[in-house]
Amino acid sequence: MNRKTFLKSIPALGIAGGLSLTACSTGTGVDSGSDLSGDNAIITGAAEREAIAIKTYVAATESGIITSQQVLDTALIYKQHHYEHLGLFNGLLEEVGANIVNLDDFSPDSRISGVSSQEQAVVLAMTLEMEAAQSYFSNAVLQLQGPVAREVMGSIYPIELAHFITLKAALGRNPAVNASTFGDINFG
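Residues numbered from 1 in each chain as written. Predicted model: local features only at pLDDT ≥ 70, side-chain atom pairs only at ≥ 80, totals over all residues. Heavy atoms only, no water.

1. Observations regarding helix α4 (residues 69-95)
Consideration 1: With 27 residues, α4 extends 39 Å from end C-alpha to end C-alpha; this agrees with the ideal 39 Å at 1.5 Å per step.
Consideration 2: By the burial criterion, the buried members of α4 are Val71, Leu72, Ala75, Tyr78, Lys79, His82, His85, Leu86, Phe89, Asn90, Leu92 and Leu93.
Consideration 3: Buried residues along α4 sit in contact with α3 (37-62), α5 (118-143) and α6 (147-170).
Consideration 4: A positive phi of about 75 degrees marks glycine 97, the residue just after α4. (Helix = DSSP H or I, 4+ residues; strand = E, 2+ residues; numbered from the N terminus. Expected span 1.5 Å × (residues − 1). Buried < 20%, exposed > 50% of the residue type's maximum accessible area, 1.4 Å probe, protein only. Contact = heavy atoms within 4.5 Å.)

2. Notes on the nonpolar core
Consideration 1: Grouped together as the largest cluster of nonpolar side chains are 40 residues, with contacts concentrated most on Ile43, Phe89, Tyr136, Met153, Leu161 and Leu167.
Consideration 2: For this core, the secondary-structure elements that each account for two or more residues are α3, α4, α5 and α6.
Consideration 3: It is α6 that contributes the most residues to this core, nine residues altogether.
Consideration 4: Apart from residues lying up to four places away in sequence, tyrosine 136 is in contact with Ala46, Arg49, Glu50, Phe89, Met153, Ile156, Tyr157 and Glu160. (Core = buried A, V, L, I, M, F, W, Y, C linked by side-chain atoms within 4.5 Å.)

3. Some details on the packing of α3 against α5
Each pair of packed helices gets described by two things: the angle between the helix axes and the distance between those axes.
Consideration 1: Contact geometry of α3 with α5 gives a least axis separation of 11 Å together with a crossing angle of 165 degrees. Between α3 and α5, the angle is such that the two are roughly antiparallel. Where α3 crosses over α5, the two elements pack in a sense that is left-handed. Here α3 contributes Asp39, Ile42, Ala46, Arg49, Glu50, Ala53, Thr56 and Tyr57 to the contact with α5, which in turn contributes Leu124, Ala125, Leu128, Glu129, Glu131, Ala132, Ser135, Tyr136, Asn139 and Gln143.
Consideration 2: The residue inventory of the contact of α3 with α5, partitioned by class, reads nine nonpolar, four polar and five charged. (Axes fitted to C-alpha atoms, helices over the stretch in contact; angles between N-to-C directions. Parallel < 35°, antiparallel > 145°, perpendicular 65-115°, else oblique. Left-handed = near helix turned anticlockwise from the far one by under 90°. Nonpolar A, V, L, I, M, F, W, Y, C, P; charged D, E, K, R; others polar.)

4. Quick notes on a nonpolar patch on the surface
Consideration 1: On the surface, Phe137, Val141 and Leu142 cluster together into a nonpolar patch covering about 300 Å² of accessible area.
Consideration 2: Residue placement: valine 141 occurs in helix α5. (Patch = residues over 30% accessible without salt bridge, like charges linked within 9 Å, V, L, I, M, F, W, Y side chains within 5 Å. Areas by Shrake-Rupley, 256 points an atom, 1.4 Å probe, with all protein chains shown as cover. Salt bridge = Lys/Arg side-chain N within 4 Å of Asp/Glu carboxyl O.)

5. Describing the pattern of salt bridges
Consideration 1: All chains considered together, the criterion is met by three salt bridges.
Consideration 2: Between arginine 111 and glutamate 131 there is a salt bridge, with the nearest N and O atoms lying 2.8 Å from each other. Taken together, the residues arginine 111 in the loop between α4 and α5 and glutamate 131 in helix α5 connect sequence positions 20 residues apart.
Consideration 3: Here arginine 111 falls in the partly exposed class, since its relative accessible area comes to 37%.
Consideration 4: By relative accessible area, which is 28% here, glutamate 131 ends up partly exposed.
Consideration 5: Between glutamate 119 and arginine 173 there is a salt bridge, with its nearest N and O atoms 3.2 Å apart.

6. Details of the packing of aromatic side chains
Consideration 1: Under the defined criterion, the tally for this structure stands at five aromatic pairs.
Consideration 2: Ring geometry for tyrosine 157 against phenylalanine 182: centres 5.2 Å apart, planes inclined by 85 degrees, an arrangement best described as edge-to-face. You can see tyrosine 157 sitting in helix α6 and its partner phenylalanine 182 sitting in the segment after α6, a full 25 residues away along the chain. Take tyrosine 157 and phenylalanine 182: they sit in the same class, and that class is buried.
Consideration 3: Aromatic pair phenylalanine 164 and phenylalanine 187: ring centres 5.1 Å apart, planes at 85 degrees, arrangement edge-to-face. Taken together, the residues phenylalanine 164 in helix α6 and phenylalanine 187 in the segment after α6 connect sequence positions 23 residues apart. (Phe/Tyr/Trp six-rings, centres within 6.5 Å; stacked < 30°, edge-to-face > 60°.)

7. Focus on the packing of α3 against α6
Consideration 1: Contact pair α3 / α6: the axes reach a minimum separation of 12 Å and the direction vectors enclose 30 degrees. Relative to α6, the element α3 is oriented roughly parallel. The chirality of how α3 crosses α6 is left-handed. On α6, the residues that touch Asp39, Ile42, Ile43, Ala46, Glu50 and Tyr57 of α3 are Ala149, Met153, Ile156, Glu160 and Leu167.

The structure is reproduced here in structure tokens:
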């Protein structure tokens, strides 16, 4: 069935009902009478993860240990992605009146203290990206209750995974996608 035929077959009452449900939802996609504390805690944790990633990328790019211009350019792009992710998560928190995450309240990941080479910096970035991907996948699929929050986190998850894979390929660890399922992808 083509899209036009399908759309014509939807009863008007079903469309109106769907629109009225959409109009009642909050930023997390749960009606205002629901307990959003679980979603808010997950979203706050995700925003904090993004703030730490930003600070870590800044520290790595300003350290001078990244010697490849291509790796540096990639790190700067990924840092910008994390700024955008932080903004999306903070937007969800603002919509429900929760406290937003302030970037200035965070420092780089503590593991950066052991980084002394470009390869170690890339491995740390891969670690942060995979930790975020695993968390966002799990939260979007299993934990979050609000559909809008699930959609936002679900849309960020594949970007974190893509960061991991491209960083892995930059180190020459091929194939970068070395498993048939997300749970089996590794650093090898």
